[in-house]
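Each chain is listed here by its residues.
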Amino acid sequence: MYLYSAHLRTEAALKDHQHRSLALQERLNGLSAAINALQLVHPAYAWIDPLIEEQFLYHEHYPSKKAKKTVDKQPDGNTVQPQRLQTYVDVEKLENEFVLTSAEYLLSLANVKWTFTGIQKLPSDLVDLLVQTNLYDMAFTVLLKFWKGSGLRRELERVFCAMSLKCCSHYVGPSLFGNDFRSHHLMLTSSKDEVVIHGSANTGPSSHQFKGNSHWETLELYLEKYRSFHGRLPIIVAETLLRMDPQVELPLWLVHMFKGGQRESTWGMTGQQSNPASLLRIYADYGRYTEATNLLLEHMESFSTVRPGDIIHRKRPSAVWFPYSMIERLWCQLEELISLGHMVDQCDKLKKLLHGALLGHLQLLKVDSDDALASSAC
């Protein structure tokens, strides 16, 4: 079955669009059968000699030979466990080939040509094509299969930047083949460890790849799904949106990602995670002073509603969520705009609101401190 799928790879590149898709679909069936067969074999022997593939593809004659293994000997004459040649093909390599061929098949359905040559290691160009064609499930499957660690985080940032740009511009992409995702059951992206499962490519249309057809809804769905892989993704999205259009209104669901669900252990003063302090910094960086001031006022109001007896928990969020240097920076930016004569009335109003909230906040801290001293003296 592996030789059959390898032969179909060369044939698919020579066929027209319609027959090419059929050949790729049949190739997926062959790869799936080969993977399933190897999984029935003991792991020590679950591999294929690639020389047989070359003989099959190019009709070259090789001497009859058994599958090679090398045996290393220690100085004392004892042998170690046999090691396969570096050119072997095992289940992992077949799964990689299966994922790339699945992507090629879906692109062929979208009338986009991309050919798997068998030598791609980190197919960034493939991910770009999948994102452009709105095949996001397949794009993230490729990412999770071929990138790990910091490399995965960088690629996720690239993908979400591209998805954010579609929301900013009047982007008109190809038809959304996510609604006819025939190979949906060939992959699984809900786990960090298990990316690929095997099935038949002859599956019927499945459920929608994402809810609705809006780029905003798509962005929300996938950001919610994959932000656990990289905590800065909401920051990347917000900065991309404001960089492309400084006047754009950030969607409420994105703002809530910064505000809500923050555990105390994940708060950070450096703004490296998606917390309220990060949102305040983003607003200040892109001149959204009204939103920045309202964010501070909202937090100070929620802070003041915490019961006085819980002093420790009331002080800690204020110190961590909003570094005082960031508040001072916002104050200085408002003063600078007033001195330059830009938006004088608006900035003056924001400054007065911020000044009043800060006075009330400091007064509340003084009351809490006096209560703490009085309690310790009892």
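Heads up: the structure comes first, above all this text.
Described below are features of the structure shown in this document. (Residues numbered from 1 in each chain as written. Predicted model: local features only at pLDDT ≥ 70, side-chain atom pairs only at ≥ 80, totals over all residues. Heavy atoms only, no water.)

Looking at the overall build of the protein chain
- Along the protein chain, the regular secondary structure elements total 15 helices and 4 strands.
- When the 378 residues of the protein chain are sorted by exposure, 43% land in the buried category.
- Considering only residue pairs separated by 6 or more positions, the protein chain has 66% of its internal contacts joining residues 24 or more positions apart.
- When the accessible surface of the protein chain is summed, it comes to about 20100 Å², and 55% of that surface belongs to carbon and sulfur atoms. (Helix = DSSP H or I, 4+ residues; strand = E, 2+ residues; numbered from the N terminus. Buried < 20%, exposed > 50% of the residue type's maximum accessible area, 1.4 Å probe, protein only. Contact = heavy atoms within 4.5 Å. Areas by Shrake-Rupley, 256 points an atom, 1.4 Å probe, with all protein chains shown as cover.)

Topic: the nonpolar core
- By size, the foremost hydrophobic cluster in this structure holds 82 residues, and its most contacted members are F140, V142, F160 and L254.
- A per-element tally of this core places helix α4 (residues 91-109) first, with 10 residues.
- In contact with L254, other than residues within four places in its own chain, are L223, P234, V237, A238 and L241. (Core = buried A, V, L, I, M, F, W, Y, C linked by side-chain atoms within 4.5 Å.)

Considering the environment of E239
- In this fold, E239 is placed in helix α9 (residues 233-244).
- In this structure, the C-alpha to C-alpha distance between E239 and Y286, residues 47 residues apart in sequence, is 8.5 Å.
- When near neighbours in sequence (up to four residues on either side) are disregarded, E239 contacts R232, R281, I282 and Y286.
- In this structure the side chain of E239 is engaged in a polar contact, spanning 3.2 Å, whose partner is the side chain of R281. (Polar contact = N/O pair within 3.5 Å; in protein donor to acceptor, adjacent residues only side chain to side chain.)

Remarks on the packing of helix α5 (residues 124-132) against helix α6 (residues 136-146)
- For the pair α5 and α6, interaxial distance at closest approach is 8 Å and the crossing angle is 160°. Our classification of the angle between α5 and α6 gives roughly antiparallel. Read as a crossing pair, α5 and α6 show a hand that is left-handed. Residues L126, V127, L130 and V131 of α5 lie in contact with α6, whose contacting residues are Y136, M138, A139, V142 and L143.
- When the residues that make up the contact of α5 with α6 are grouped by side-chain class, the tally is 9 nonpolar, no polar and no charged. (Axes fitted to C-alpha atoms, helices over the stretch in contact; angles between N-to-C directions. Parallel < 35°, antiparallel > 145°, perpendicular 65-115°, else oblique. Left-handed = near helix turned anticlockwise from the far one by under 90°. Nonpolar A, V, L, I, M, F, W, Y, C, P; charged D, E, K, R; others polar.)

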